[in-house]
Amino acid sequence: MQFQATDIPAVLIVTPKKHGDARGFFSEVYKESEWKKAGLNYTFVQDNHSFSAPVGTLRGLHFQTHPFAQDKLIRVTRGRILDVAVDIRRSSPTFGKHVAVELSAENWRQLFVPVGFAHGFVTLEPDAEVQYKVTALYSAANDRGLAYDDPDLGIDWPLPPGGALLSEKDKQWPRLRDLTDAFE
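Predicted model, so just to flag it, every value in this text is computed and none were measured.

Q: Can you lay out the overall build of the protein for me, pointing to particular residues and giving the numbers?
A: The secondary structure content of the protein amounts to one helix and 13 strands. Listed N to C, the secondary structure of the protein is β-β-β-β-α-β-β-β-β-β-β-β-β-β in terms of helices and strands. Computed over C-alpha atoms, the radius of gyration of the protein comes to 16 Å, within 12% of the 16 Å expected from 2.2 N^0.38 for 184 residues, which places it in the range of a compact globule. Counting only C-alpha atoms, the protein reaches 50 × 40 × 30 Å along its principal axes. By the burial criterion, 47% of the 184 residues in the protein qualify as buried. Pairs at least 24 residues apart make up 80% of the contacts formed inside the protein by residues separated by at least 6 positions. Of the roughly 9300 Å² of accessible surface on the protein, 49% is carried by carbon and sulfur atoms.

Q: Can you break down the pattern of salt bridges residue by residue, with the values?
A: Pairs may arise between side chains of opposite charge once their charged atoms sit close together. One pass over the full model with this rule turns up 15 salt bridges. In this structure, Asp152 and Arg175 form a salt bridge, with 3.1 Å as the shortest nitrogen-oxygen distance. You can see Asp152 sitting in the segment after strand E13 (143-145) and its partner Arg175 sitting in the segment after E13, a full 23 residues away along the chain. Overall, Arg175 belongs to the partly exposed group, its relative accessible area being 23%.

Q: With reference to specific residues and values, describe the sheet that holds strand E7 (residues 72-78).
A: A sheet is described by the order of its strands in space; here six strands give the open sequence E1-E2-E10-E7-E12-E5, paired in antiparallel fashion. Sheet topology places strand E1 (2-5) and strand E5 (46-52) at the edges, where each strand pairs with a single neighbour. Averaged over all neighbouring strand pairs, the angle between strand axes comes to 25°, with direction disregarded. Of the strand pairs in this sheet, E5 and strand E12 (residues 128-134) are connected by seven bridges, and their pairing is antiparallel. Bridge pairing in E12 places Phe51 opposite Glu129.

Q: Residue-level account of the environment of Ala105, with values.
A: Of note, Ala105 is situated in the loop between strand E9 (98-104) and strand E10 (110-113). Remark: the alpha-carbon pair of Ala105 and Lys72, spanning 33 residues in sequence, is separated by 18 Å. Leaving out residues up to four positions away in the same chain, Ala105 has contacts with Lys18, Val76, Thr77, Arg78 and Gly79.

Q: Which residues make up the side chain of Gln70, and what are the values?
A: Mapped onto the fold, Gln70 is located in the loop between strand E6 (58-64) and E7. From its side chain, Gln70 meets the backbone oxygen of Ala136 in a polar contact 2.7 Å long. If sequence neighbours within four positions are ignored, Gln70 has contacts with Gln64, Val113, Pro114, Val115, Val134, Thr135, Ala136, Leu137 and Tyr138.

Each value, and the rule that gives it
Residues numbered from 1 in each chain as written. Predicted model: local features only at pLDDT ≥ 70, side-chain atom pairs only at ≥ 80, totals over all residues. Heavy atoms only, no water. Helix = DSSP H or I, 4+ residues; strand = E, 2+ residues; numbered from the N terminus. Rg over C-alpha atoms; globule rule 2.2 N^0.38 Å. Buried < 20%, exposed > 50% of the residue type's maximum accessible area, 1.4 Å probe, protein only. Contact = heavy atoms within 4.5 Å. Areas by Shrake-Rupley, 256 points an atom, 1.4 Å probe, with all protein chains shown as cover. Salt bridge = Lys/Arg side-chain N within 4 Å of Asp/Glu carboxyl O. Pairing = 2+ DSSP bridges. Axes fitted to C-alpha atoms, helices over the stretch in contact; angles between N-to-C directions. Polar contact = N/O pair within 3.5 Å; in protein donor to acceptor, adjacent residues only side chain to side chain.

What follows is the structure, given as structure tokens:
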């Protein structure tokens, strides 16, 4: 398993080894002992799986507040996405900056997004399936978000001509400058 820092060192690209032959492949996509060897001590408590049929489906930017703040490990098992993590830790030198990484079933990369970041993705291929592990259970009372199209974030979302396909909830999130639930 390979761990690679991004432009924001707390966000990591994790690439599991893939062993293939004429039958297909086998991969250990998460192995606690490998994470601990890399100095990463997280306990994942819930696995989530999303399916997005159309290209341009945008989910995010989401996060949860304490005590249900979540570290996330995201991977794509079908299709391709642009995965984005925005630093919303007010005391961080990278506050308001983001990391964008293409994840796909083909490149087999995963993105680790720690607590203190808003997370979202847009589908680049139809019928995309995204699976992710989290370190805290979902809590509707602690569910928050950030406007994906906030010009202050400068995220270059590769959207189709019709624009992003969003949930009603994701259309309502505030801009970073109006965010009252950022982390310290």
